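# Examining the three-dimensional arrangement
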Amino acid sequence: MRLYDIIKKKQGGGELSTEEINFFIRGVTDGSIPDYQISALLMAIWFRGMSVRETCDLTFAVRDSGEKLDFSAIDGIRVDKHSTGGVGDKTSLVVAPIVASFGVKVAKMSGRGLGHTGGTVDKLESIDGFRTTLSEEEFIEQVNKIGLAIVGQSRQFAPADKKLYALRDVTATVDSMPLIAASIMGKKLAADDDCIVLDVKTGSGSFMKTAEASKELARLMVDIGKNAGKKMVALITNMDRPLGYAIGNSLEVIEAVETLKGRGPADFTEVCLILASYMLSLAGKGTPEECRKLAEGAIADGSALKKLAETVRAQGGNAELIEHPETFARAKYSHAVLSREEGYIASVDTEAYGLSSLALGAGRNTAEDPIDHTAGILLKKKTGDFVRKGEEIATLFSCNAACFSAAEEQLLAATHISKEKAPEEPLVYGVVE
Ligand code: URA
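Residues numbered from 1 in each chain as written. Predicted model: local features only at pLDDT ≥ 70, side-chain atom pairs only at ≥ 80, totals over all residues. Heavy atoms only, no water.

## What about the sheet that holds strand E12 (residues 415-418)?
Where we set the bar: Being paired, for any two strands, means DSSP has found at least two bridges between them. Here a helix means four or more residues in a row that DSSP labels H or I, a strand means two or more in a row labelled E, and each is numbered from the N terminus.
Strands sit in the order E10-E8-E12 across an open sheet of three strands; the sheet is antiparallel. One side of each edge strand has no neighbouring strand; the edge strands of this open sheet are strand E10 (386-387) and E12. As paired strands, strand E8 (residues 343-348) and E12 are joined by four bridges and run antiparallel to one another. Bridging across to E12, Ser347 finds its partner in His416.

The following block contains the structure:
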């Protein structure tokens, strides 16, 4: 079998056989297929798509490309949550401690930033000393002891996804339904959770720009998970605007902590409460409505915040930062972005907001790029707000002041101001069960 022929077949719109998909993923994993051929096939898949059968085969091949996790030594129900990626999406930092505070086990393996979207591992690494790599024994011991551990993907776990993820990130092939489904579900099936809540984003800051495409992706992933014996729910949530006001790693951790203290932005708090309700409900704690009350209670009585601090301490991080987020290191420079027009913010290009944050140093352009954990954007105005000419709409933060000008132009061009106030959009477009 030659990868050249497989690329040619997909380029022409053909359906790949199980053997061809397995051959591809084997070659990705053992390094026998060069990056340029992998990238060519990814692009052919991006253009031509895949059937449900091909997507399932790709998912199973990704799952089987490395070691599977064995969580049988963890006592109790294990629940995970995975987002398809968004801007200002720091929900894991809030929902995981809420859920763990009820004794439900959250053994979380998270990702780094991808394209214009942020990643939980990068956010956590903005906490001094926080270790995102634990041995399997440490990981399981911590989950058993305090109910929550969050780590990055180990080298042996779904290695094919690690390679494909990095290549998709730099070849403009992230936003492909079968590639996203296989990436997420390949990893979820290689882990050993009982229940999974998927947060499928939709809108300008998501990889899926329409609610229809997001629903299709949600259905596909829920079906794959259910067929593999997992309890699954997917929520379709709004990513036509950033979640909350903070974009960028340490800025987002601070906003997550404020949310756990009950002082979070309304939109972000709401999405967190809904996700946490479904996670608790799948774990058998009641109906989603009953579990919402539980989740609200865990914020109100401080138990979720305590759980986050406990987790940070257990993973070597400075838990003082969670108790006193105002002591987080700040960026060397800041810059106020002033509106050049007056009116209502009618809509924003959320992907461009994410790219603007990336340009400030909060994300990577190549896999090797270092991250400025203090870089990012604090929004002062969001969609629906009225803004006067000369009023501040955002503050930019970076350790490199030279990047402010380009980031500011990008942000302003992505902010559409109108005389009319736009109608409110829902935060959740649907639930796929
Ligand atoms: N998250 C993933 O793990 N993979 C994707 O392809 C997109 C979001």
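## Things to note about the domain arrangement of the chain
Short version of the rule: How far each domain reaches was decided by an automatic or database domain assignment.
When its domains are assigned, the chain resolves into domain 1 (3-49), domain 2 (79-153 + 191-323) and domain 3 (329-418). Relative placement of domain 1 and domain 2: their C-alpha centres are 33 Å apart.

## Topic: the pairing of strand E1 (residues 79-83)
For a regular strand, side-chain orientation follows a simple rule: the groups alternate between the two sheet faces. So the rule is basically this: Residue burial is assigned from relative accessible area. The probe radius is 1.4 Å, only protein chains are included, and a residue is buried under 20% of its type maximum, exposed over 50%, and partly exposed in between.
Here E1 lies mainly inside the structure; five of its five residues are buried. As judged from the five bridges shared by E1 and strand E4 (residues 195-202), these two strands associate in the parallel manner. Within E4, the residue paired with Lys81 across the bridge is Val197.

## Section: the packing of helix H16 (residues 350-362) against helix H17 (residues 404-413)
Worth spelling out the cut-off: Axis definition: a line fitted to C-alpha atoms, limited for helices to the stretch in contact. Angles are taken between N-to-C directions and run from 0 to 180 degrees. These descriptions rest on fixed angle ranges, namely under 35 degrees for roughly parallel, over 145 for roughly antiparallel, 65 to 115 for roughly perpendicular, and the rest for oblique. Whether two residues are in contact is decided by their heavy atoms: any pair within 4.5 Å suffices. Any residue outside Ala, Val, Leu, Ile, Met, Phe, Trp, Tyr, Cys, Pro, Asp, Glu, Lys and Arg is labelled polar, Gly included; the first ten of those are nonpolar and the last four are charged.
Between H16 and H17, the shortest axis-to-axis distance is 9 Å and the interhelical angle comes to 175°. Put simply, H16 runs roughly antiparallel to H17. Here Ala352, Tyr353, Leu355, Ser356 and Leu360 of H16 come into contact with H17, specifically with Phe404, Ala407, Gln410 and Leu411. In the contact of H16 with H17, the residues fall into seven nonpolar, two polar and no charged.

## Examining the sheet that holds strand E13 (residues 428-432)
The strand order E1-E4-E5-E13 describes an open sheet built from four strands, whose pairing is mixed. The sheet terminates laterally at E1 and E13, the two strands that pair on one side only. The mean angle between the axes of side-by-side strands here comes to 15°, regardless of whether they run parallel or antiparallel. Set on the sheet, helix H10 (residues 211-227) makes contact with E4, strand E5 (231-238) and E13; between it and E5 the angle comes to about 165°. Its contacts with the sheet put helix H12 (residues 266-282) on E1, E4, E5 and E13, and the angle it makes with E5 is roughly 170°.

## A look at the pattern of salt bridges
Stated formally: Salt bridges are defined as contacts in which a side-chain nitrogen from Lys or Arg sits within 4 Å of a carboxyl oxygen from Asp or Glu.
Counted according to the given criterion, the structure contains 32 salt bridges. A salt bridge links Glu125 to Arg112; the shortest N-O distance between them is 3.0 Å. Within this pair, whereas Glu125 is found in the loop between helix H6 (120-124) and helix H7 (136-146), its partner Arg112 is found in the loop between strand E2 (106-110) and H6, the two being separated by 13 residues in sequence. Judged by its relative accessible area of 34%, Arg112 falls in the partly exposed class. Put simply, Lys201 and Asp199 hold a salt bridge, and the shortest N to O gap is 2.7 Å. No difference in accessibility class separates Lys201 from Asp199, as the two residues are buried.

## Considerations on unusual backbone geometry
Its identity is not glycine, yet Ala158 carries a phi of approximately 40°, on the positive side. Note that Ala158 resides in the loop between strand E3 (148-152) and helix H8 (159-170). The class for Ala158 is buried, based on a relative accessible area of 0%.

## Remarks on the nonpolar core
How we decide: As used here, the term nonpolar core means buried Ala, Val, Leu, Ile, Met, Phe, Trp, Tyr and Cys residues forming a set that is joined through side-chain atoms within 4.5 Å.
Grouped together as the largest cluster of nonpolar side chains are 74 residues, with contacts concentrated most on Ile98, Ile127, Ile322, Leu360 and Ile377. The element that contributes the greatest number of residues to this core is H12, accounting for eleven residues. Each of domain 2 (79-153 + 191-323) and domain 3 (329-418) accounts for three or more of the residues forming this core. Apart from residues lying up to four places away in sequence, Ile127 is in contact with Val253, Val312, Gly317, Asn318, Leu321, Ile322 and Phe328. Within the second largest apolar cluster, 38 residues are counted, among which are Leu16, Val28, Ile140 and Val143.

## A word on a negative patch on the surface
Selection rule: Only residues whose relative accessible area exceeds 30% and that form no salt bridge enter a patch; like-charged residues are grouped when within 9 Å of one another, and nonpolar side chains (Val, Leu, Ile, Met, Phe, Trp, Tyr) when within 5 Å. Accessible areas in this description were obtained via Shrake-Rupley with a 1.4 Å probe; residue shielding takes into account the shown protein chains only. In this tally Asp and Glu are treated as negative and Lys and Arg as positive; neither His nor the chain ends contributes. For charged residues, the charge sits on one atom: NZ in Lys, CZ in Arg, CG in Asp, CD in Glu.
The grouping of Glu67, Asp70, Glu136 and Glu137 at the surface amounts to a negative patch. With respect to the element layout, Glu67 can be found in the loop between helix H4 (52-63) and E1. Here Glu67 falls in the partly exposed class, since its relative accessible area comes to 47%.

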